[in-house]
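As a plain string of letters, each chain reads:
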Amino acid sequence: MANTYPSDVSGAKWYLAENKLSYPYVEGERGTTPNGVKYSVVDAKNAYCPITVTIEGSTSLLFDTENGAEIPDMCEVQFSGLVVRPYVSSATKRIAYSAKATGIRLVNQPRVKE
């Protein structure tokens, strides 16, 4: 079943599932230097449908999961400059979405266990 998003995602409530570095591809080969970060999030106001948001130019992860950090449960994030664009996937022939943003921030700082 294809995910559907409203045309206006300004009221979305995003929860972070994963963050990882993004690498450019040249002629099918992955580059060695990261050029951004991909954030996998789910939208609580849209049946928890997942989407990946790319922020180019920054290589700062919210949580360094590659070195053992864990993303806290129910970690709400907010994007600045978020643009979600629908397109028809050439692989599935269904509507898919690309998403880019200019920034991300935690809505509430996670509490540290004492």
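To start, this report covers the structure provided alongside it. (Residues numbered from 1 in each chain as written. Predicted model: local features only at pLDDT ≥ 70, side-chain atom pairs only at ≥ 80, totals over all residues. Heavy atoms only, no water.)

**Some remarks on the overall build of the protein chain**
Link 1 in the chain: From N to C terminus, the protein chain includes 0 helices and 9 strands.
Link 2 in the chain: Along the protein chain, helices and strands appear, N-terminal first, in the series β-β-β-β-β-β-β-β-β.
Link 3 in the chain: Put simply, 52% of the contacts in the protein chain that link residues at least 6 apart link residues at least 24 apart.
Link 4 in the chain: Looking at the protein chain as shown, the accessible area adds up to about 8,000 Å², and 48% of this sits on carbon and sulfur atoms. (Helix = DSSP H or I, 4+ residues; strand = E, 2+ residues; numbered from the N terminus. Contact = heavy atoms within 4.5 Å. Areas by Shrake-Rupley, 256 points an atom, 1.4 Å probe, with all protein chains shown as cover.)

**Things to note about the pairing of strand 7 (residues 83–88)**
The side chains of a regular strand alternate between both faces of the sheet.
Link 1 in the chain: Across 6 bridges, strand 7 lies against strand 8 (residues 95–100) in antiparallel orientation. Residue pairing across strands places proline 86 opposite tyrosine 97, the latter belonging to strand 8. (Pairing = 2+ DSSP bridges.)

**Focus on the environment of cysteine 75**
Link 1 in the chain: Mapped onto the elements of the fold, cysteine 75 is located in the loop between strand 5 (49–56) and strand 6 (76–80).
Link 2 in the chain: Using a relative accessible area of 5% as the deciding quantity, one classes cysteine 75 as buried.
Link 3 in the chain: Sequence spacing of cysteine 75 and valine 107 is 32 residues, and the spatial spacing of their C-alpha atoms is 7.9 Å.
Link 4 in the chain: Leaving out residues up to four positions away in the same chain, cysteine 75 has contacts with Trp14, Tyr15, Leu16, Phe63 and Leu106. (Buried < 20%, exposed > 50% of the residue type's maximum accessible area, 1.4 Å probe, protein only.)

**What about the nonpolar core?**
Link 1 in the chain: Trp14, Leu16, Tyr39, Val41, Val53, Val77 and Phe79 are the most contacted members of the largest nonpolar core, which totals 19 residues.
Link 2 in the chain: Taken together, the elements giving at least two residues each to this core come down to strand 1 (14–22), strand 4 (36–43), strand 5, strand 6 and strand 9 (103–106).
Link 3 in the chain: Beyond its immediate stretch of four places on either side in the chain, valine 53 contacts Val37, Lys38, Tyr39, Val41, Phe79, Leu82, Ala99, Lys100 and Ala101. (Core = buried A, V, L, I, M, F, W, Y, C linked by side-chain atoms within 4.5 Å.)

**Section: the environment of aspartate 73**
Link 1 in the chain: Along the chain, aspartate 73 falls in the loop between strand 5 and strand 6.
Link 2 in the chain: Distance from aspartate 73 to leucine 16, taken between C-alpha atoms, is 8.6 Å for residues 57 residues apart in sequence.

**Focus: the packing of aromatic side chains**
Link 1 in the chain: According to the stated counting rule, one finds 2 aromatic pairs in the structure shown.
Link 2 in the chain: With a centroid separation of 6.3 Å and an interplanar angle of 75 degrees, the aromatic rings of tryptophan 14 and phenylalanine 79 are classed as edge-to-face. Placement of tryptophan 14 in strand 1 and of phenylalanine 79 in strand 6 is noted, with a sequence separation of 65 residues between them.
Link 3 in the chain: Note on phenylalanine 79: relative accessible area 12%, which makes it buried.
Link 4 in the chain: Taken together, a centroid distance of 6.5 Å and an interplanar angle of 65 degrees make the contact between tyrosine 39 and phenylalanine 79 edge-to-face. In this pair, tyrosine 39 sits in strand 4 while phenylalanine 79 sits in strand 6, placing the two residues 40 residues apart along the sequence.
Link 5 in the chain: A network of ring pairs unites the aromatic residues Trp14, Tyr39 and Phe79 as a single cluster.
Link 6 in the chain: A cation over a ring is seen here: arginine 30 above tyrosine 23, with NZ or CZ 3.7 Å from the ring centre. (Phe/Tyr/Trp six-rings, centres within 6.5 Å; stacked < 30°, edge-to-face > 60°. Lys NZ or Arg CZ within 6 Å of the ring centre and 35° of its normal.)

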